[in-house]
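# Fold and contact review
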Amino acid sequence: MTFVSCDPGYTWWQPIWNTGESVAFGDSDTMTVQISRAVVASAALPGLYAAVTIGGQPFVDGALIRTMHASLALEPAASW
């Protein structure tokens, strides 16, 4: 199952391990990512569980980079 099957506007924020950049799975560039891969990446804690490579980038648990993604709601593309 990919993000294509989710309700429109659903996003799952995940950080790239080596840059700290947050990527929104579920937007137009990441719709085909398997939801199960994003979930596994969300539990990735280097040293315990390896980062998960998606689209050539290593993704990890978001708490390693940022404990709260509320600031992303202020992005221009955010909608409620």
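Computed from a predicted structure; not experimentally measured.

Calculation criteria
- Residues numbered from 1 in each chain as written.
- Predicted model: local features only at pLDDT ≥ 70, side-chain atom pairs only at ≥ 80, totals over all residues.
- Heavy atoms only, no water.
- Pairing = 2+ DSSP bridges.
- Helix = DSSP H or I, 4+ residues; strand = E, 2+ residues; numbered from the N terminus.
- Buried < 20%, exposed > 50% of the residue type's maximum accessible area, 1.4 Å probe, protein only.
- Arc of directions from axis to C-beta.
- pLDDT = per-residue confidence, 0-100.
- Core = buried A, V, L, I, M, F, W, Y, C linked by side-chain atoms within 4.5 Å.
- Contact = heavy atoms within 4.5 Å.
- Polar contact = N/O pair within 3.5 Å; in protein donor to acceptor, adjacent residues only side chain to side chain.
- Patch = residues over 30% accessible without salt bridge, like charges linked within 9 Å, V, L, I, M, F, W, Y side chains within 5 Å.
- Areas by Shrake-Rupley, 256 points an atom, 1.4 Å probe, with all protein chains shown as cover.
- Salt bridge = Lys/Arg side-chain N within 4 Å of Asp/Glu carboxyl O.

## Observations regarding the pairing of strand β1 (residues 12-15)
Pairing of β1 with strand β2 (residues 22-25) involves four bridges; the strand directions are antiparallel. Residue pairing for β2: W13 is matched across the bridge by A24. Where β1 folds back onto β2 in an antiparallel hairpin, the turn is made up of six residues, including G20, whose phi is positive at roughly 80°.

## Some words on helix α1 (residues 35-42)
Of all the residues in α1, the buried ones are I35, A38 and A41. Looking down the long axis of α1, one finds its buried residues gathered within 125° of arc, a one-sided arrangement.

## Description of the confidence of the model for the protein
Scored by pLDDT, the protein has a mean of 82; 81% of the residues are at 70 or more. Ranking the elements of the protein by mean pLDDT puts β1 last, at 84, and strand β3 (residues 52-54) first, at 95.

## A short note on the nonpolar core
Formed by 13 residues in total, the largest nonpolar core has its most connected members in F3, F25, I54 and F59. Looking at this core, the elements with two or more residues in it are β2, α1 and β3. Here the element with the most residues in this core is α1; it accounts for three residues. Other than its neighbours up to four places away in sequence, I54 contacts F25, V33, R37, A38, A41 and F59.

## Things to note about the side chain of Q14
Note on placement: Q14 falls in strand β1. Its relative accessible area of 1% is what places Q14 among the buried residues. Among the polar contacts made by the side chain of Q14, one reaches the main-chain carbonyl oxygen of V60 at a distance of 2.6 Å. Each residue touching Q14, except ones within four places of it in the same chain, is listed here: E21, S22, V23, F25, A38, A41, S42, F59, V60, D61 and G62.

## Focus: a nonpolar patch on the surface
Together, W17, L64 and I65 make up an exposed nonpolar region whose accessible area comes to about 260 Å². Turning to its location among the elements, I65 is positioned in the segment after β4 (57-59).

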